[in-house]
Protein chains: 2
Amino acid sequence: MKKGFILWFTGLSGSGKSTLSKMVEERLLERGVKVEVLDGDEVRTNLSKGLGFSKEDRDTNIRRIGYVAKLLARNGVCAITAAISPYQEIRDEVRRSVDGHAGFVEAYCECPIEKLAARDVKGLYKKAMAGEIKHFTGIDDPYEPPVDPEAIVHTGDEGPEQSCARIIKTVEMLGLVPPVPGDDYGIDEEKAVAARLRDLGYLG
Amino acid sequence: MKKGFILWFTGLSGSGKSTLSKMVEERLLERGVKVEVLDGDEVRTNLSKGLGFSKEDRDTNIRRIGYVAKLLARNGVCAITAAISPYQEIRDEVRRSVDGHAGFVEAYCECPIEKLAARDVKGLYKKAMAGEIKHFTGIDDPYEPPVDPEAIVHTGDEGPEQSCARIIKTVEMLGLVPPVPGDDYGIDEEKAVAARLRDLGYLG
């Protein structure tokens, strides 16, 4: 059985987690990989109704996503999670929980909050800055960027195709999905991914 | 990919759901089937901390178990659930949610409440009858036995080996796990399982 893994997106609201998770899902399904996307909003409906946005409730929500993702990943599925998941401690806790059973790939959607607030696709930043929404990550609630994520995508500067390609290349190089001949992301991109993974102690 | 399925145990507290789910898990693992057991107590810790035992909270808990079991089953896993799950409506809701994606096998652990109260392995019935535990299924909270379960095991009259064998035979006959030559449960047992499944409209 092919080893499963968790592809754990993290990033501020509007930074592209949901968009990228759906794009990556499509690309992996084309390769015959089994995929489930656990999107933040969907999971809140199905697993965490009644929870709010205090640190405790956020941690509980993320632990639940991690629990379900782990069950899937250790059965050979690629579980893609797309929740803000602001705290490093809980992300690390999930990473440790799958250790040995499945892979864990942290993908950081990096985008300056000024750009996100200017774009404000859902109108949430405006409300948060006006104080109409409390506990909004990046405004009046903390966000801890990942320390050593396997992949960083700069969704303020690059298009989603490029971000998606980097993530696919990362899981390929980690041996979690089979490479597809001719599916080329450019030699520079490939070198950058390899360098990052080598720095993190992967790739021998 | 082999089709996954949910093996959904239901029955009163102490009726053998956890014991049988572990036995069935072992037997299926021996056959190379991927299995996850979602035990009632474990799931309450991981997915439903904070929920109580009102009808609404019970329904929420069961829906969460159903959601996770569905994700597993549609990826080729046998998801075994072992929660009391007292309400037919919610069990049917879960059954409908997996329709077409995976199999659903309801296994009813039938045992008269008098026997369970006399046995009282965890001492819970005594407390419930003394009013020290409220909302205890079968005492001051309802239990709705399944209308048309795929398998019924009579855990007050038969040993766990026999109950386990009947359940394995049931999932075999439904084509959900490969039969093992020489793994014989007796011709009468086999006929009884076939008759039940035929009555329910399976087996053409």
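Summarised in this report is the structure supplied together with it. Residue positions are counted from 1 within each chain, in the order its sequence is given. Just so you know, chain letters begin at A and ligand numbers begin at 1, following the order they were written in. With pLDDT at 70 or above as the cut-off, local features in this predicted model cover only qualifying residues; side-chain atom pairs require 80 or more to be listed or tallied, and sums for whole chains, interfaces and linings still use all residues.

## Quick look at the relation of the copies chain B and chain A
The relation between the two chain copies is a rotation about an axis coupled with a shift along that axis. We count it as follows: Only residues with pLDDT of at least 70 in both copies contribute their C-alpha atoms to the least-squares superposition of the copies.
Expressed as a screw operation, the relation of chain B to chain A combines 0.0 Å of axial shift with a rotation of 180°, fitting to an RMSD of 0.0 Å. Look at the turn and shift together and you get a two-fold axis relating the two.

## Some remarks on the sheet that holds strand β4 (residues 103-110) of chain B
Residue and element names in this part refer to chain B. For clarity, the threshold we go by: Strands are labelled as partners when DSSP assigns at least two bridges between them. Only DSSP runs of H or I reaching four residues or more are called helices, and only runs of E reaching two or more are called strands; each is numbered from the N terminus. Only the stretch in contact is used when a helix axis is fitted, and all axes are lines through C-alpha atoms; the angle between N-to-C directions ranges over 0 to 180 degrees. By the convention adopted here, residues make contact when the C-beta atoms placed from their backbones lie within 7 Å.
Here five strands make up an open sheet; going across it, the order is β2-β3-β1-β4-β5 and the pairing parallel. The open sheet has two free edges, formed respectively by β2 (35-39) and β5 (151-154), since each of these has just one partner strand. Ignoring which end each strand starts from, the neighbouring axes of this sheet average 20° apart. The pairing of strand β1 (residues 5-10) with strand β3 (residues 78-82) spans five bridges and is classified as parallel. From the neighbouring strand, Leu7 faces β3, where its bridge partner is Ile80. Here helix α1 (residues 17-30) sits on the sheet and contacts β1, β2, β3, β4 and β5; the angle it forms with β2, its principal contact strand, is near 175°. Its contacts with the sheet put helix α2 (residues 40-47) on β2 and β3, and the angle it makes with β2 is roughly 80°.

## A short note on α2 of chain B
All names here are of chain B. The condition that has to hold: Between the buried cut of 20 or more and the exposed cut of 12 or fewer other C-beta atoms within 10 Å of a residue's own C-beta lies the partly exposed class, and all C-beta atoms are placed from the backbone. To be clear, the arc concerns the directions from the helix axis to the C-beta atoms.
Within the span of α2, buried status applies to Gly40, Val43 and Leu47. Viewed along the axis of α2, the buried residues span an arc of 60°, placing them on a single side of the element. Those residues of α2 that are exposed and aimed more than 90 degrees away from the buried face are Asp41 and Thr45.

## A closer look at the environment of Tyr108 of chain A
Residue and element names in this part refer to chain A. Along the chain, the position of Tyr108 falls in strand β4 (residues 103-110). Remark: the alpha-carbon pair of Tyr108 and Val43, spanning 65 residues in sequence, is separated by 20 Å. Setting aside residues up to four positions removed in sequence, Tyr108 forms contacts with Thr10, Gly11, Pro145, Pro146, Pro149 and Ile152.

## As for helix α7 (residues 160-173) of chain B
Residues and elements named next belong to chain B. Which entries qualify depends on this criterion: Expected helix span is taken as 1.5 Å per residue step, with the number of steps being one fewer than the number of residues.
The end-to-end C-alpha distance of α7, which contains 14 residues, comes to 20 Å, matching closely the 20 Å that a straight helix rising 1.5 Å per residue would cover. Regarding α7, the residues found buried are Ser163, Cys164, Ala165, Arg166, Ile167, Ile168, Lys169, Thr170 and Val171. Those residues of α7 that are buried lie in contact with β1, α1, β4, β5 and α8 (187-199).

## So, the sheet that holds strand β5 (residues 151-154) of chain A
Residues and elements named next belong to chain A. If you trace the five strands from one edge of the open sheet to the other, you get β2-β3-β1-β4-β5, paired in parallel fashion. Every interior strand has two partners, whereas the edge strands, β2 (35-39) and β5, have only one. Sheet twist, expressed as the mean angle between neighbouring strand axes with direction ignored, is 20°. Taken strand by strand, helix α3 (residues 55-73) contacts β1 (5-10), β2 and β3 (78-82), and its axis lies near 160° from that of β3.

## Side note on the interface of chain B and chain A
For the record, the criterion: Residue classes follow a fixed rule: Ala, Val, Leu, Ile, Met, Phe, Trp, Tyr, Cys and Pro count as nonpolar, while Asp, Glu, Lys and Arg count as charged, and any other residue, Gly among them, counts as polar.
With 13 residues of chain B at the contact, the number on the chain A side is 13 residues. Secondary structure elements with two or more residues in the side of chain B that touches chain A: α2 and α3 (55-73) of chain B. A total of six residues in the side of chain B that touches chain A trace back to one element, the largest contributor, which is α3 of chain B. Here the side of chain B that touches chain A is composed, by residue class, of six nonpolar, three polar and four charged.

## Details of unusual backbone geometry
All names here are of chain A. We note that Ser85 has phi near 45°; this positive angle belongs to a residue other than glycine. As for its position among the elements, Ser85 is in the loop between β3 and α4 (88-98). Overall, the presence of 27 C-beta atoms within 10 Å leaves Ser85 in the buried class. Phi at His135 takes a positive value of approximately 55°, unusual for a residue other than glycine. Relative to the elements of secondary structure, His135 occurs in the loop between α6 (124-129) and β5.

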